[in-house]
Each structure stands twice: as C-alpha cells, then as structure tokens.
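Next come the chains, spelled out residue by residue.
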Amino acid sequence: MASNLVKESYSVNKQQYVSYHIQIASAFQTDCERLLVTFESEVDLSFKMFASVWREMHFSSIFNDIELVEELRFFIESCFTTIQKYLVFCERIGVKVGAFYMLYCLYWRQPSKNKIRIRCTAEVFRHISNLVDRMQEEGAYDVPYLFQQLKFNDAFKLVIFPNVYALEGRFMWQEKELQNDIFKEIKRGDPLLQTETVLHSQEFYGLNNICTVASDYVEGLRKYGISEKVCEAVTNLPGELEAILNQMESCVEGSESNVTESKAKQLKGKAFTSKVSCFKS
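Residues numbered from 1 in each chain as written. Predicted model: local features only at pLDDT ≥ 70, side-chain atom pairs only at ≥ 80, totals over all residues. Heavy atoms only, no water.

Trainee: How do you make sense of the packing of helix H5 (residues 93-109) against helix H7 (residues 142-152) when you look at a structure like this?
Mentor: Each packed pair of helices is defined by two parameters, the angle between the axes and the distance between the axes. At a minimum axis separation of 11 Å, H5 and H7 run at an interaxial angle of 35°. In this structure, H5 meets H7 at a crossing whose hand is left-handed. Here H5 contributes Val 97, Phe 100, Tyr 101, Tyr 104, Tyr 107 and Trp 108 to the contact with H7, which in turn contributes Asp 142, Val 143, Leu 146, Phe 147, Gln 149 and Leu 150. Residue composition of the contact of H5 with H7, by class: 10 nonpolar, one polar and one charged. (Axes fitted to C-alpha atoms, helices over the stretch in contact; angles between N-to-C directions. Helix = DSSP H or I, 4+ residues; strand = E, 2+ residues; numbered from the N terminus. Left-handed = near helix turned anticlockwise from the far one by under 90°. Contact = heavy atoms within 4.5 Å. Nonpolar A, V, L, I, M, F, W, Y, C, P; charged D, E, K, R; others polar.)

Below you can see the structure in the form of structure tokens.
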C-alpha cells in the first residue's frame, strides 16, 4: 500500500499521502529518540560508541524494505528533517552529537549510488557548525572530521526555505517547518517484546494456546476418520510457526551492514583514537 500510495499523485490522494507521511515520520522519530537516549547514556561521544549502538539497535537495516525510488527519497528526506530537530532544539550535547552521527550514517547508508543530499537551511547549518566548533575546542575530533567528509562529498544542500515549493504537488516532500516536538512522544515498549508477550499470553491465541487447540483439533479429526497425514500437519503447525518467528528474529539480528564500519576505517588523524568523554552541555 505504501509503495502504491507514493507512486500516485499527491494532489489526488493528499489526505492519504499526508496521513502516511505522518505515520512514517512519527515511527522514525520514536526510534530515533530511543537511539539517541541510549547513546547519550553511554557517556562516550565517540563515533565508535555510536556505531556500536547503531548496530545493536539494528539501524543498519533501516532501508531493507524500501523498493521504489520515489519511496526512498520520501523516506530519507523525512529522516533528515526529523534528525535536524535534535540539532536545532535540543541543548543536550550527547543528543546533538548523536543526531549529527545519525545524519552522517543515514547519508552514507543510502542504497542508491546517487545520494540524496541533506537539505538544510542556514539556521540548521549554523547549529551544525557550532557543534563542530565546540567539539573541536574540547579536543574531540570525530565530529569535525566527519563534518569535513560530508562537506567534501557535497552532502549538504543549502536552501533558503525549509519548505519545498513547487508548481506540482508531487514534488512537495515537506509541508511544514521544523517543529519542536522532540521527546514528547508517548514511550512505547519494544515491539518485539510486545509481540512475544502477546503470542504467549493466555488472553490471545498465542503459541501456548495454539498447541492446545491443535491437539484437541487433531483428536476431533481422528475421531471423524481424517487421514493421519492431515492430523500430523496440524500437530506440527505450532512448531512450524515458532520456527518461522525465530527465523524472522534471526534475520533481523543478522542483517548488519558493514557500511558504517568501512567508513570508520577511513578516518584518520586525531579522530577515532580514544574514548570521548561526555562533558557538560
């Protein structure tokens, strides 16, 4: 549905398009805040630590299910816009550094050869530059070095207005300016843990209940003379479901990308040589 919606004209399906946009941006912002808070709690502002948190939280798989070029551009630009909120509105140095690292990783993690540039206004770029200057003054060179890498590769697209203006609605990827709504989302639990809880709960037809139902159902099938082959298939159903779920979970855990690691190996000089202690905001 998402792919078809993005392909269709914005002007024809504006309400659906905006609703889809809000859902995607909200979901990413929730994940983004979870990553930033985790990184901040490590009290180490080095890129090495951020890369470790990035991998542990499976952000390397962020683009795995995107198939269409149109959807990719929409999603990446939404991510860039969301991350910029933490660079502009947040005063906590750990969060600001983490947000900058996210920009860097998302830019280089793009699956397309022609990278979508980071659209930012003079205000956003000023906040980034101030962060770079401060980190350099503190003797922490990871951020300054990565910033120079982005500039060297022409990653920033400096614009006058935060909104995209165009004659045709389908070119409008953003509809509003940056909103200071950071860290205001209702915190939700880990969806994987929630799913596991539901599957094994007694209030739902979870794996435990499926085993019981399957066993009772097989007895009924045998009573009415259904073939043993069918009965065996029903008996094996709960185990097959659990195997599929385990396989899905292992796929998520195993889909790590070496993009961030390969970029980290290129870093030279004073960057990435030691732990960067978190200092006062």
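Trainee: What's the story with a nonpolar patch on the surface in this structure? I'm lost.
Mentor: On the surface, Tyr 224, Ile 226 and Val 230 cluster together into a nonpolar patch covering about 320 Å² of accessible area. Counting through the fold element by element, Tyr 224 comes out in the loop between helix H9 (207-223) and helix H10 (228-254). Assessed through its relative accessible area of 68%, Tyr 224 is described here as exposed. (Patch = residues over 30% accessible without salt bridge, like charges linked within 9 Å, V, L, I, M, F, W, Y side chains within 5 Å. Areas by Shrake-Rupley, 256 points an atom, 1.4 Å probe, with all protein chains shown as cover. Salt bridge = Lys/Arg side-chain N within 4 Å of Asp/Glu carboxyl O. Buried < 20%, exposed > 50% of the residue type's maximum accessible area, 1.4 Å probe, protein only.)

Trainee: I would appreciate a short explanation of the packing of helix H6 (residues 122-137) against H7 in the present structure.
Mentor: Closest axis-to-axis distance for the H6/H7 pair is 7 Å, and the angle between their directions is 135°. What the angle tells us is that H6 and H7 run oblique. Judged by residue contacts, Phe 125, Ile 128, Ser 129, Val 132, Met 135 and Gln 136 of H6 engage Val 143, Pro 144 and Phe 147 from H7. Its residues assigned to classes, the contact of H6 with H7 comprises seven nonpolar, two polar and no charged. (Parallel < 35°, antiparallel > 145°, perpendicular 65-115°, else oblique.)

Trainee: What is the right way to look at the environment of Gly 94 in this model?
Mentor: Of note, Gly 94 is situated in helix H5. Sequence separation between Gly 94 and Val 43 is 51 residues; the distance between their C-alpha atoms is 7.7 Å. When sequence neighbours within four positions are dropped, the list of residues in contact with Gly 94 reads Phe 39, Glu 40 and Leu 45.

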